[in-house]
Amino acid sequence: MTDYGRGPGSEPWHPDDPLYGDQGWEGQAGTGQDFSSGQPPQQYGQPPQHQDYGAQNQYQQQYGQQGYEGQQPYQGQQFDGQGAGQQYGGGWDTSQQTSMPYGGSPADGYGGTPSGYDGQQQADPYATADAYPPPQPPSHRRDPDPEPAAGPGQWDAEAPEEEKHPFFTGEESDDTDGYDDEPGSRRRRGGGGDDGGERRGKGKKKGRNGCACLVVSLVLFGGLGGVSYFGYQFWQGKFGAPADFAGAGSGSTQIEVPPGAGLAEIGNILKKAGVVKSSGAFVSAAQGKSVEAGVYTLPKEMSGANAVEAMLDPKSRNNLIVPPGKRNVWVYAEIDKRLELKEGTTAAAAKAQVKSLNLPSWVTEAKGLQDPLEGFLFPATYPIAKGTKPEAVLKKMVAEANKEYGRTNLAAEASKLGLASPLELITVASLVQAEGKYKHDFDKVSRVVYNRLKEGNVETVGRLEFDSTVNYIKGQSRLDIGSVDKLRQLKHPYNTYHVRGLPPGPIGNPGQDALASALNPTPGPWYYFVSITEEETLFAETNREHERNRQKYLEQQEKSGQ
């Protein structure tokens with residue numbers, strides 16, 4: 001066979017191949033060849049190779065009997081089975097062959113221009129740049145060098161790559177080597193080698209493309225989902241209705257609204273506690289309404305509108321409101337009730353923890369105080385959640401009093417008013433709060449207190465003579481406390497009918513209004529006063545005038561049935 005290629009048969013298939021037809025090598029000799037096909041003779045300038053045809057005599061004889069009769073041997077060659085130097089049965093006789101170098105003979109069609117018929121020159125089919133290489137004897141033939149495999153990143157023009165990865169084809173693969181095998185990537189090239197082909201291209205890792213595509217898909221879908229989610233949230237927050245529960249809810253929980261909290265902060269507190277579904281639902285329903293600070297007991301999972309309605313209902317509040325003028329005994333009892341404690345528990349805690357409640361030093365160092373905390377459980381609203389310790393509630397109240405009292409330099413103001421300490425100023429405020437029935441009278445009542453405290457006054461002789469101090473001693477609140485003579489017989493440091501000057505300490509917890517009046521009394525000469533009605537309070541400079549005013553008071557009480 002030649003490099004023109006052929007099939008598994010014995011005949012070359014290319015018409016331009018010099019060996020086209022049945023020529024074989026057995027008819028070659030130094031003198032010429034006989035070609036049954038009538039093709040021009042070709043000589044090889046290479047020593048003929050001897051091939052043992054052995055049992056092919058029959059083949060040679062057959063050619064002598066077919067279609068060669070009547071033809072003249074060309075250039076003196078004859079096909080009789082006994083060419084020069086040729087033996088059938090033992091191979092070739094190399095001693096009778098003429099040795100010629102390959103390509104050295106002028107008549108060599110492979111070394112020069114071959115001769116045609118009638119002396120005409122015939123074009124050499126192997127002389128062009130695009131021609132196949134010239135054929136060689138069988139013993140010199142070898143398999144062509146394998147074409148180099150396409151390197152990484154190179155394109156194999158002969159083998160357009162077809163994507164066969166299971167990720168794209170949908171087929172399942174049980175390969176475990178990590179590479180895609182390409183069946184048919186090996187092909188036979190040239191003459192008869194055992195394998196004759198090569199593996200075409202480098203196998204690509206099976207998981208690489210699939211993983212890359214999967215990652216890209218996840219990133220794309222994840223990004224799209226994220227953009228959609230945040231876009232929806234933005235739209236919902238700007239234009240959509242806030243998320244909300246339906247109904248009045250169920251269960252119970254406590255929340256605490258700190259002082260000064262706005263609607264948005266309250267809404268966040270409610271959402272965190274599970275009362276409402278979103279802060280916006282509460283804020284939307286609470287527009288134009290005021291929610292006070294304190295502790296609220298509310299159901300869970302209620303609508304924003306129901307939450308607002310519940311918080312405006314005093315029944316939902318778990319706050320302790322200390323009104324101005326209330327005494328400590330009342331505050332202690334209320335704390336016990338709110339915390340569901342045994343009666344007297346808070347009073348005992350106040351007595352035991354008095355040094356740890358952060359009272360000012362001018363209180364803890366004072367002598368003769370009936371209750372050091374009196375006047376320091378400042379009137380305000382205090383949230384009390386279940387489980388709170390009573391001393392913790394008391395500490396909050398004292399802290400509130402210190403904050404309010406700290407707004408003013410009490411020591412300096414007390415000195416200006418002729419008082420010995422800030423504690424005396426708070427005591428005056430507690431007397432104004434207890435004796436003044438209405439706020440609009442506080443400033444004049446404050447002046448009465450300071451006028452009675454003046455030394456040398458002939459009207460009260462330095463005694464305050466306030467019924468409120470006797471009621472404080474007895475733990476009561478009565479208008480008719482008895483005759484003056486009997487009251488003066490009650491010996492007690494807080495009995496202002498008995499002692500001159502101020503009691504040792506406050507007789508209640510004054511509010512901001514009473515404190516302001518104690519700091520700024522209205523100028524006037526009054527020593528006495530009596531409230532006839534809410535709109536009318538009569539002040540007097542002398543005791544005689546005061547007795548006339550009292551008669552008016554008694555007449556008014558008879559009219560009103562009191």
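In this text, all values refer to a predicted model and were calculated from it rather than measured experimentally. (Residues numbered from 1 in each chain as written. Predicted model: local features only at pLDDT ≥ 70, side-chain atom pairs only at ≥ 80, totals over all residues. Heavy atoms only, no water.)

### Considering the overall build of the protein chain
What counts, and what does not: To qualify as a helix, a DSSP run of H or I must reach at least 4 residues; to qualify as a strand, a run of E must reach at least 2; elements of each kind are numbered from the N terminus. Per-residue accessibility, obtained with a 1.4 Å probe over protein chains only, is compared with the maximum for each type, and a residue is labelled buried under 20%, exposed over 50%, and partly exposed between these values. Any two residues having at least one pair of non-hydrogen atoms within 4.5 Å are treated as being in contact. To measure how exposed things are, a 1.4 Å probe is used in the Shrake-Rupley method; for residues, cover is taken only from the protein chains shown.
Helix and strand content of the protein chain: 17 helices and 8 strands. Looking at the protein chain as a whole, 36% of its 562 residues are labelled buried. Sequence-distant contacts, at least 24 apart, represent 63% of the contacts inside the protein chain between residues at least 6 apart. When the accessible area of the protein chain is evaluated, it comes to approximately 33,200 Å², of which 50% is carbon and sulfur surface.

### Notes on the layout of surface pockets
Heads up, the rule is: Only protein atoms enter the 1 Å grid used here. Points where a 1.4 Å probe fits but cannot escape make up a cavity, open sets with protein on both sides within 12 Å along at least five of seven lines make up a pocket, and a residue lines them when an atom lies within 4 Å of a point. Grid points are joined across faces, edges and corners, and a volume is the space filled by probe spheres set on the points. Classification convention: Asp, Glu, Lys, Arg as charged; Ala, Val, Leu, Ile, Met, Phe, Trp, Tyr, Cys, Pro as nonpolar; all other residues, Gly among them, as polar.
For the largest pocket, the calculated volume is near 1,700 Å³. If you trace the largest pocket, you find 50 residues lining it, with Glu435, Asp467, Ser468, Arg478 and Leu479 closest to the centre. Of all the secondary-structure elements, those providing two or more residues to the lining of the largest pocket are α7 (328-338), α12 (422-435), α13 (442-453), α14 (467-474), α15 (484-488), β7 (528-531) and α17 (543-559). Looking at which element gives the most residues to the lining of the largest pocket, the answer is α17, with 6 residues. Residue composition of the lining of the largest pocket, grouped by class: 19 nonpolar, 16 polar and 15 charged.

### Considerations on α17
Note: α-helices contain 3.6 residues per turn, so residues at a spacing of three or four share the same orientation. Convention followed: Each helix should span, by expectation, one fewer than its residue count multiplied by 1.5 Å. Arc definition: directions from the helix axis to the C-beta atoms.
Here α17 spans 25 Å end to end across 17 residues, near enough to the 24 Å set by a 1.5 Å rise per residue. Of the positions making up α17, those classed as buried are His546, Asn549, Tyr553 and Gln557. The arc enclosing the buried residues of α17, seen along the axis, measures out at 90°, which places them on a common side. Every exposed residue of α17 that faces more than 90 degrees away from the buried side is listed here: Arg544, Glu558 and Lys559. Structurally, α17 contributes buried residues whose contacts are with β7 and β8 (537-540). Looking one or two residues past α17, glycine 561 carries a phi angle of roughly 75°, positive in sign.

### A look at the nonpolar core
Rules: Residues enter a nonpolar core if they are buried and are Ala, Val, Leu, Ile, Met, Phe, Trp, Tyr or Cys, with the set joined through side-chain atoms within 4.5 Å.
In this structure, Ile335, Met397, Tyr405, Leu425 and Val428 are the most contacted members of the largest nonpolar core, which totals 53 residues. With 7 residues, the top contributor of residues to this core is α12. Sequence-distant contacts of valine 428, defined by excluding residues within four places in its chain, comprise Leu419, Val449, Tyr450, Leu502 and Ala518. Counting 17 residues, the second largest nonpolar core, distinct from the first, contains Ala261, Val276, Tyr296 and Ala310.

### Thoughts on the side chain of threonine 346
Applied cut-off: Here a polar contact is recorded for every N or O atom pair within 3.5 Å, except that within protein the pair must consist of a potential hydrogen donor and a potential acceptor, and residues adjacent in sequence are included only if both atoms are side-chain atoms.
Mapping threonine 346 onto the fold places it in helix α8 (residues 345-352). The class for threonine 346 is buried, based on a relative accessible area of 0%. Separated by 2.5 Å, the side chains of threonine 346 and aspartate 336 make a polar contact. Apart from the residues within four sequence positions on either side, threonine 346 is in contact with Tyr332, Ile335, Asp336, Leu341, Pro390 and Leu394.

### Focus on the side chain of threonine 460
With respect to the helices and strands, threonine 460 occurs in the loop between α13 and α14. The contact partners of threonine 460, leaving out residues within four places of it in the chain, are Arg452 and Tyr528.

### Details of the state of the cysteines
Note the following rule: Cysteine sulfur atoms are paired as a disulfide whenever they fall within 2.5 Å.
By the definition in use, this model includes 0 disulfides. Residue cysteine 211 stays outside any disulfide, its sulfur separated by 9.4 Å from that of cysteine 213, the closest cysteine. The class of cysteine 211 is partly exposed, set by a relative accessible area of 47%.

### Describing the packing of α12 against helix α16 (residues 512-519)
Rules: Think of each axis as a best-fit line through the C-alpha atoms, taken over the contacting stretch in the case of a helix, with angles from 0 to 180 degrees between the N-to-C directions. Handedness of each helix crossing follows the sense of rotation of the near helix against the far helix: counterclockwise by less than a right angle gives left-handed, clockwise gives right-handed.
Between α12 and α16, whose axes approach to 8 Å, the crossing angle comes to 120°. Our pair here, α12 against α16, has a crossing hand that is right-handed. Counted together, Leu425, Val428, Ala429, Val432 and Gln433 of α12 and Ala514, Leu515, Ser517, Ala518 and Leu519 of α16 form the full contact between these two elements. A class-by-class count of the residues in the contact of α12 with α16 yields 8 nonpolar, 2 polar and no charged.

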